[in-house]
Amino acid sequence: MHELSIAMGIVEAATDEAQRRGVQVAAVHLRLGALSGVVKDALLFSYEVACQDTPLAGSRLIVEDIPVTIFCPECKEMRVLGSLQSFACPECGAPTMDIRQGKELEVFALEVQE
Amino acid sequence: MSEPRLVEVRRNVLKQNDIIARGLREQFREAGVFVVSLVSSPGSGKTTFLEKTLTLLQPKYRVAALVGDLATENDAVRLARSKAPVRQITTGTLCHLEAAMVQNALEGWKMRDLDFLFIENVGNLVCPSSYDLGENLRLVLMSVTEGEDKPLKYPTIFNSADVAVISKNELAAAVEFDWEVARKSIESVRPGMRIFRLSAKTGEGMQEYLDFLSQQLLEQRAVAHH
């Protein structure tokens, strides 16, 4: 399980951004891609642990799940994959590795108080 | 206290790792060394496979290896039999390697003196997928004893890999390994990936894979010089 080190990375990034702005963080909004290799539940649990004794203690982690989006070489359209077990267009079945979204592991926004 | 408001920050959590990985990749390119990282489950035969790879490449190439292991130095001791320079990265409780660990482990090694560097990740098919190590090629290894559907169970790591090796082929008949099902599983989670089926023990299939590595090295150097 590497979610604790990821959670510590989130806390570090958010703390740094908050300190630069001189604000208090109430919540961290994270964009989490289905291909990021990070398990959401384990991350939520780890986040609480990682926040302890930091300026972010008591803050919430709000996770936005980002599904995998591919660009279908046949349809010439963006398509959202229904499953990680098949990297193929859900409409026409063309296999593809043209992945446009789904690897995100990004602190997207902070809910702050001045 | 004022009402809470939302501030957009857009910050990649693995930015630090990615920056170090990019630096390593640039360093490898300049030195003309081709870097392969290996990921697999525990017990898939990664160390035997790597020992064989190092031994067979050596007559022609200068090779070295970094091996990640949770607690022991057994892997490094086994790999040292190949006579190639080997360094151990003991990760303690950490289940994966990160770019900074690779960078530290390379301290003092002259990259220009190498043709190939192998980085054996910790035996784990989940955690290593998130971390770029600056490698040129990520090789995922599975043995015939693990079952044909392994790629479907761990799609993220298979998807992130560049080539797949199916090892312990000498046991394929005994475990009734269905090659076609395995090939389809890999193709489904990582379309177009090159697959090598081999036995590190008997040497069967090793030459095709070694030729592929030689070709990759040539191509990388051709690109680096233009």
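Refer to the structure above for everything that follows.
What counts, and where the lines are drawn
- In this numbering scheme, every chain counts its residues from 1 along its sequence in written order.
- Chain labels run from A onward and ligand labels from 1 onward, assigned in the order the entries are written.
- It should be noted that, the model being predicted, local features are given only for residues of pLDDT at least 70 and side-chain atom pairs only at 80 or more, the latter also being counted only at that level, while totals for whole chains, interfaces and linings use all residues.
- The way it works is that DSSP assigns letters per residue, a run of H or I at least four long becomes a helix, a run of E at least two long becomes a strand, and they are numbered from the N terminus.
- Both definitions apply: the radius of gyration is a C-alpha atom measure, and the globule rule equals 2.2 Å times residues to the power 0.38.
- By the convention adopted here, residues make contact when the C-beta atoms placed from their backbones lie within 7 Å.
- In this scheme the burial state of a residue depends on its C-beta neighbours within 10 Å: 20 or more other such atoms mean buried, 12 or fewer mean exposed, and anything in between means partly exposed; the C-beta positions come from the backbone.
- The convention used is that axes are lines fitted to C-alpha atoms, helices contributing only their stretch in contact, and that angles between N-to-C directions extend from 0 to 180 degrees.
- If an angle is under 35 degrees, it is roughly parallel; if it is over 145, roughly antiparallel; if it lies from 65 to 115, roughly perpendicular; otherwise it is oblique.
- Handedness of a crossing is defined here by the sense of rotation of the near helix relative to the far one, left-handed for an anticlockwise turn of less than a right angle and right-handed for a clockwise turn.
- When residues are grouped by polarity, Ala, Val, Leu, Ile, Met, Phe, Trp, Tyr, Cys and Pro land in nonpolar, Asp, Glu, Lys and Arg in charged, and all others, Gly among them, in polar.
- Whether two strands pair depends on DSSP finding at least two bridges between them.
- Take the buried Ala, Val, Leu, Ile, Met, Phe, Trp, Tyr and Cys residues, join any whose C-beta atoms are within 7 Å, and the set you get is a nonpolar core.
- The handedness rule is simple: strands pointing away from the viewer, and a clockwise path from the first strand over the helix to the second, make the crossover right-handed.
- A helix is expected to span 1.5 Å for every residue after the first.
- This arc is taken over the directions from the axis of the helix to the C-beta atoms.

**Some thoughts on the overall build of chain A**
Move 1: Scanning chain A from N- to C-terminus turns up 2 helices and 6 strands.
Move 2: Start at the N end of chain A and walk to the C end: the helices and strands fall as α-β-α-β-β-β-β-β.
Move 3: For 114 residues, the compact-globule formula gives about 13 Å, and the C-alpha radius of gyration of chain A, at 17 Å, lies well above that figure.
Move 4: With the principal axes as the frame, chain A shows a C-alpha extent of 50 × 30 × 15 Å.
Move 5: A sequence separation of at least 24 residues applies to 69% of the contacts in chain A between residues at least 6 apart.

**A few points about the environment of Ser 129 of chain B**
Move 1: Counting through the fold element by element, Ser 129 of chain B comes out in the loop between β5 (116-120) and β6 (137-143).
Move 2: A count of 26 C-beta atoms within 10 Å places Ser 129 of chain B in the buried class.
Move 3: Distance in space between the C-alpha atoms of Ser 129 of chain B and Arg 87 of chain B is 22 Å, their sequence separation being 42 residues.
Move 4: Other than its neighbours up to four places away in sequence, Ser 129 of chain B contacts Gly 37 of chain A together with Thr 156, Ile 157 and Ser 160 of chain B.

**So, the packing of helix α1 (residues 3-21) of chain A against helix α2 (residues 40-51) of chain A**
In a pair of packed helices, the angle between the axes and the distance between the axes together describe the arrangement.
All names here are of chain A.
Move 1: Contact geometry of α1 with α2 gives a least axis separation of 8 Å together with a crossing angle of 55°. It follows that α1 is oblique to α2 by the angle criterion. Judged by the sense of rotation from one axis to the other, the crossing of α1 with α2 is right-handed. For the pair α1 and α2, contact is made by Glu 3, Leu 4, Ile 6, Ala 7, Met 8, Ile 10 and Val 11 and by Ala 42, Leu 43, Ser 46, Tyr 47, Val 49, Ala 50 and Cys 51, respectively.
Move 2: Here the contact of α1 with α2 is built from residues that sort into 12 nonpolar, 1 polar and 1 charged.

**Side note on the interface of chain A and chain B**
Move 1: Taken together, the contact pairs 30 residues of chain A with 28 residues of chain B.
Move 2: For the side of chain A that touches chain B, the secondary-structure elements that each account for two or more residues are α1 and β6 (105-113) of chain A.
Move 3: Residue contributions to the side of chain A that touches chain B peak at 9 residues, all from β6 of chain A.
Move 4: Here the residues of the side of chain A that touches chain B are counted per class, giving 17 nonpolar, 8 polar and 5 charged.
Move 5: Examined bridge by bridge, β6 of chain A and strand β1 (residues 5-12) of chain B share 6 bridges and lie antiparallel to one another. Of the residues in β1 of chain B, the one forming a bridge with Glu 106 of chain A is Asn 12 of chain B.

**Quick look at the sheet that holds strand β5 (residues 99-101) of chain A**
Residues and elements named next belong to chain A.
Move 1: The antiparallel open sheet is built from 3 strands, whose spatial order is β4-β3-β5. Here the strands that pair on one side only, and so sit at the sheet edges, are β4 (78-80) and β5. Strand-to-strand twist in this sheet, taken as the mean axis angle between neighbours without regard to direction, amounts to 35°.
Move 2: Pairing geometry for strand β3 (residues 69-71) and β5, over 2 bridges, is antiparallel. The partner of Ile 70 across the bridge, within β5, is Ile 99.

**Digging into unusual backbone geometry**
Residue and element names in this part refer to chain B.
Move 1: Phi at Lys 83 is positive, roughly 70°, even though this residue is not glycine.
Move 2: For Lys 83, the position within the fold is in the loop between α3 (74-80) and β4 (86-90).
Move 3: With a phi close to 60°, Lys 168 is a non-glycine residue in the positive phi region.
Move 4: Mapped onto the secondary structure, Lys 168 falls in the loop between β7 (163-167) and α7 (179-189).
Move 5: Given 24 C-beta atoms within a 10 Å radius, Lys 168 is considered buried.

**Looking at the nonpolar core**
Move 1: Counting 88 residues, the largest nonpolar core has Ile 10 and Ala 14 of chain A together with Ala 65, Phe 116, Ile 119 and Val 140 of chain B as its most contacted members.
Move 2: Setting aside residues up to four positions removed in sequence, Ala 14 of chain A forms contacts with Val 25, Val 28, Leu 56, Val 107 and Leu 110 of chain A.

**Description of the environment of Ser 82 of chain B**
Residues and elements named next belong to chain B.
Move 1: One can find Ser 82 in the loop between α3 and β4.
Move 2: Considering only alpha carbons, one finds Ser 82 and Lys 52, 30 residues apart in sequence, at a separation of 7.7 Å.
Move 3: Setting aside its immediate chain neighbours within four residues, Ser 82 contacts Glu 51, Leu 54 and Thr 55.

**With respect to the pairing of strand β2 (residues 60-66) of chain A**
Residue and element names in this part refer to chain A.
Move 1: Where strand β1 (residues 24-33) lies against β2, 7 bridges are found, and the strand directions are parallel. Bridge pairing in β2 links Gly 33 to Ile 66.
Move 2: In this fold, the crossover linking β1 to β2 by way of α2 has right-handed handedness.

**Notes on the pairing of β6 of chain A**
Move 1: Sheet topology note: the β1 of chain A/β6 of chain A ladder contains 8 bridges and is antiparallel. Across the sheet, the residue bridging to Ala 27 of chain A is Glu 111 of chain A, located in β6 of chain A.

**Thoughts on helix α1 (residues 15-31) of chain B**
Residues and elements named next belong to chain B.
Move 1: For α1, which comprises 17 residues, the first-to-last C-alpha distance of 24 Å matches the rise-based estimate of 24 Å (1.5 Å per residue) to within 8%.
Move 2: Within α1 the residues assigned to the buried category are Asn 17, Ala 21, Leu 24 and Phe 28. Considered in projection along α1, the buried side chains sweep an arc of 60° and stay on one side of the axis. Counted as exposed and oriented over 90 degrees from the buried face of α1: Glu 26 and Glu 30.
Move 3: Buried residues along α1 sit against β2 (34-40) and α4 (99-105).
Move 4: After α1 finishes, the residue Gly 32 shows a positive phi value of roughly 75°.

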